[in-house]
Amino acid sequence: MPQEQASQTQTHDDERYIIGYAMEPKKIQNLLKPSLIEHARKHGIDLIPIDINKPLIQQHPNLHFHCIIQKLQPKHWDNLNLHQYMSKHGTTTTIIDPPHLVRKLQNRVSMLEFASNLPLSVQNATVGVPYQAVIDIHKTSGDDFEEMVTDSNLRFPVIAKPLYADGTMKSHELCLVFDREGLRETLNKNAAAGSTTTPVVLQEFVNHGGVVFKVYVAGEHVRCVKRRSLPDIPEEKAETLKGTLKFSQISNFTVQDDNGAKSNAGHNGDGANHLSNIERAEMPEENLIKELARALRERTGLNMFNVDVIRDAKDCTRYLVIDINYFPGYAKLPCYEPFITDFLLDCVRNKPAFVCEENQGMNE
Ligand SMILES: Nc1ncnc2c1ncn2[C@@H]1O[C@H](COP(=O)(O)OP(=O)(O)OP(=O)(O)O)[C@@H](O)[C@H]1O
Ligand SMILES: O=P(O)(O)O[C@H]1[C@H](O)[C@H](O)[C@H](OP(=O)(O)O)[C@@H](OP(=O)(O)O)[C@@H]1O
Ligand SMILES: [Mg+2]
Ligand SMILES: [Mg+2]
């Protein structure tokens, strides 16, 4: 079976490790496929579900977790009371990754700060971030609005993104904004939402050939795949476009899923051309991806994340990080079973580089 061949890690028959997973049912369904549970089991790892709604200390009294992987909302941290659990088992159980570090990825400003001024040196390539500004969502009219847009130094088109990328559907509701009127309209709609109003980041839209590179990181293990993205907007067209265009989770399907959906729907023409653009797009240099992953692991202190990277259509040596997601959909990677299992084996064998700093800040 290809997954077996792809696994790099040797296991000894007598080694067995218990790894708990704490996450919402939808995430479990996406990630913990029988193929992963089986692959991990064959390599010495028993994956055990943790109930995220009650204290961990009251669960599995006869099991010792070597490590726990998690994707949780703050309320779940409270319910699980991991602090209590770790005060008893903290010397032998590792939590991947500490929540106070994960939280930095839940804000689109602090998230991209990790990717600013990265000292990478692979051929001529540079990796940076697009220009972005947080705006005052209450300045929706008159001079205040005009002044704010001028002061922000942004050039249209921009993408309006909710500041908080906190795992809610709302946090993925983005909007391409073509001009000042479009921006005013977006802010007015946001203001009309009343109690659900959210701060907004405006990020410059960068033409990038309609392809996003998703770099999946699990400790030292790194994989990069191509996904569908927004199409380019030629400069002359950008000047004539007005208003806004809402979109959400445009890059969440794999190229294979996209192909299937298009052919099932009987689409051709533009759709097919667009997909072949993706297939034709050259992957970034492997060393660049590795260096980027390493640098971000160091800066964030995290092990499990993916990075969305685009390549400037005007300058193919210029890469831009547009998004970093904690604990992404690894199951969308081909042969994700050995990828995750090898990482988990690294964790339980306590390779120093993978152990998070004493699980500090756990319940912060
Ligand atoms: N600055 C940008 N320039 C061009 N395209 C962009 C830019 N930012 C985002 N995009 C496009 O919009 C998509 C969604 O943006 P982003 O990744 O920030 O949102 P998200 O909801 O956090 O995504 P995810 O589902 O990966 O968490 C990207 O995959 C890319 O196709
Ligand atoms: O934090 P949430 O649950 O909103 O995170 C998303 C994340 O934004 C990414 O979109 C993941 O997908 P990929 O980047 O395509 O891997 C999602 O993965 P999923 O398969 O678990 O839905 C995350 O949940
Ligand atoms: Mg993204
Ligand atoms: Mg995201």
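Structure shown above.
Residues numbered from 1 in each chain as written. Chains lettered and ligands numbered in written order. Predicted model: local features only at pLDDT ≥ 70, side-chain atom pairs only at ≥ 80, totals over all residues. Heavy atoms only, no water.

(A) Representation of the site of ligand 2 within the structure. If you check the shell around ligand 2, you find 14 residues, and the closest are Lys27, His172, Lys214, Tyr216 and Lys332. The side chain of Lys71 places a nitrogen or oxygen atom 3.0 Å from an oxygen atom of ligand 2. At a separation of 3.0 Å, an oxygen atom of ligand 2 approaches a polar side-chain atom of Asn306. For ligand 2, whose free accessible area comes to 510 Å², the fraction covered by protein is 86%. Of all the secondary structure elements, the ones that give two or more residues to the shell around ligand 2 are helix H2 (25-31) and strand S10 (211-218). A class-by-class count of the residues in the shell around ligand 2 yields 2 nonpolar, 7 polar and 5 charged. (Near = heavy atom within 4 Å. Polar contact = N/O pair within 3.5 Å; in protein donor to acceptor, adjacent residues only side chain to side chain. Areas by Shrake-Rupley, 256 points an atom, 1.4 Å probe, with all protein chains shown as cover. Helix = DSSP H or I, 4+ residues; strand = E, 2+ residues; numbered from the N terminus. Nonpolar A, V, L, I, M, F, W, Y, C, P; charged D, E, K, R; others polar.)

(B) Inspection of the site of ligand 1 at higher detail. Of all residues adjacent to ligand 1, which total 23 residues, the nearest are Lys161, His172, Ser229, Ser251 and Asn325. Within the contact set of ligand 1, an oxygen atom lies 2.6 Å away from a side-chain nitrogen or oxygen of His172. Taking Asp308, its side chain carries an N or O atom lying 3.1 Å from an oxygen atom of ligand 1. Isolated, ligand 1 exposes 610 Å² of accessible area, and the fraction of that covered by the protein chains is 97%. Those elements that provide at least two residues to the shell around ligand 1 are strand S7 (158-162), strand S9 (200-204), strand S13 (304-311) and strand S14 (318-326). For the shell around ligand 1, the per-class residue count stands at 10 nonpolar, 7 polar and 6 charged.

(C) Summary view of empty space enclosed by the protein. Tallying each qualifying case throughout the model produces 1 cavity of 30 Å³ or more. Approximately 80 Å³ is the volume found for the largest cavity. Lining the largest cavity, in full, are Gln70, Leu72, Gln73, Pro74, Trp77, Pro99, Val102, Arg103 and Gln106. Secondary-structure elements contributing two or more residues to the lining of the largest cavity are helix H4 (74-80) and helix H6 (99-102). (1 Å grid on protein atoms, 1.4 Å probe; cavity = no way out; pocket = protein on both sides within 12 Å on 5 of 7 lines; lining within 4 Å. Points joined across faces, edges and corners; volume = space filled by probe spheres on them.)

(D) How the structure looks around the coordination of the magnesium ion (ligand 3). Looking at the magnesium ion (ligand 3), the protein donor atoms are Asp308 (OD) and Asp323 (OD), and they sit 1.9 to 2.2 Å from it. Distance-wise, the magnesium ion (ligand 4) is placed 3.8 Å from the magnesium ion (ligand 3), both being coordinated by Asp323. Taken together, the residues span a long stretch of sequence, with Asp308 in strand S13 and Asp323 in strand S14 at a distance of 15 residues. Of the two residues examined, Asp308 and Asp323, each falls in the buried class. (Donors = N, O, S within 2.8 Å, 3.2 Å for Na, K, Ca; no water. Buried < 20%, exposed > 50% of the residue type's maximum accessible area, 1.4 Å probe, protein only.)

(E) Quick peek at the layout of surface pockets. Roughly 530 Å³ of volume is contained in the second largest pocket. Around the second largest pocket, the lining is made up of 22 residues, and of these Arg155, Pro157, Phe205, Glu235 and Lys314 lie nearest the centre.

(F) Quick look at the side chain of Arg184. Along the chain, Arg184 turns up in helix H9 (residues 180-192). One polar contact links Arg184 to Glu181, side chain to side chain, over a distance of 3.1 Å. Those residues in contact with Arg184 that lie beyond four places of it in its chain are Thr140, Ser141, Gly142, Phe145 and Glu146. (Contact = heavy atoms within 4.5 Å.)

(G) Up close: helix H8 (residues 142-152). Along H8, the residues classified as buried are Phe145, Met148, Val149 and Ser152. One side of H8 holds all its buried residues, which, seen down the axis, span an arc of 95°. Along H8, exposed side chains directed more than 90 degrees from the buried face belong to Asp143 and Asp151. Each element contacted by the buried residues of H8 is listed here: strand S6 (132-135) and H9. Residue Asn153 follows H8 closely and has a positive phi angle near 60°. (Arc of directions from axis to C-beta.)

(H) How the structure looks around the sheet that holds strand S12 (residues 244-248). Here 5 strands make up an open sheet; going across it, the order is S6-S9-S7-S8-S12 and the pairing antiparallel. Either end of the sheet is taken by a strand with one partner, and the two such strands are S6 and S12. Neighbour-to-neighbour, the strand axes of this sheet turn through a mean angle of 25°, independent of strand direction. Pairing of S7 with strand S8 (residues 173-177) involves 3 bridges; the strand directions are antiparallel. Bridge pairing in S8 links Ala160 to Cys175. Along the sheet, H9 makes contact with S6, S7, S8, S9 and S12, crossing S8 at roughly 155°. (Pairing = 2+ DSSP bridges. Axes fitted to C-alpha atoms, helices over the stretch in contact; angles between N-to-C directions.)

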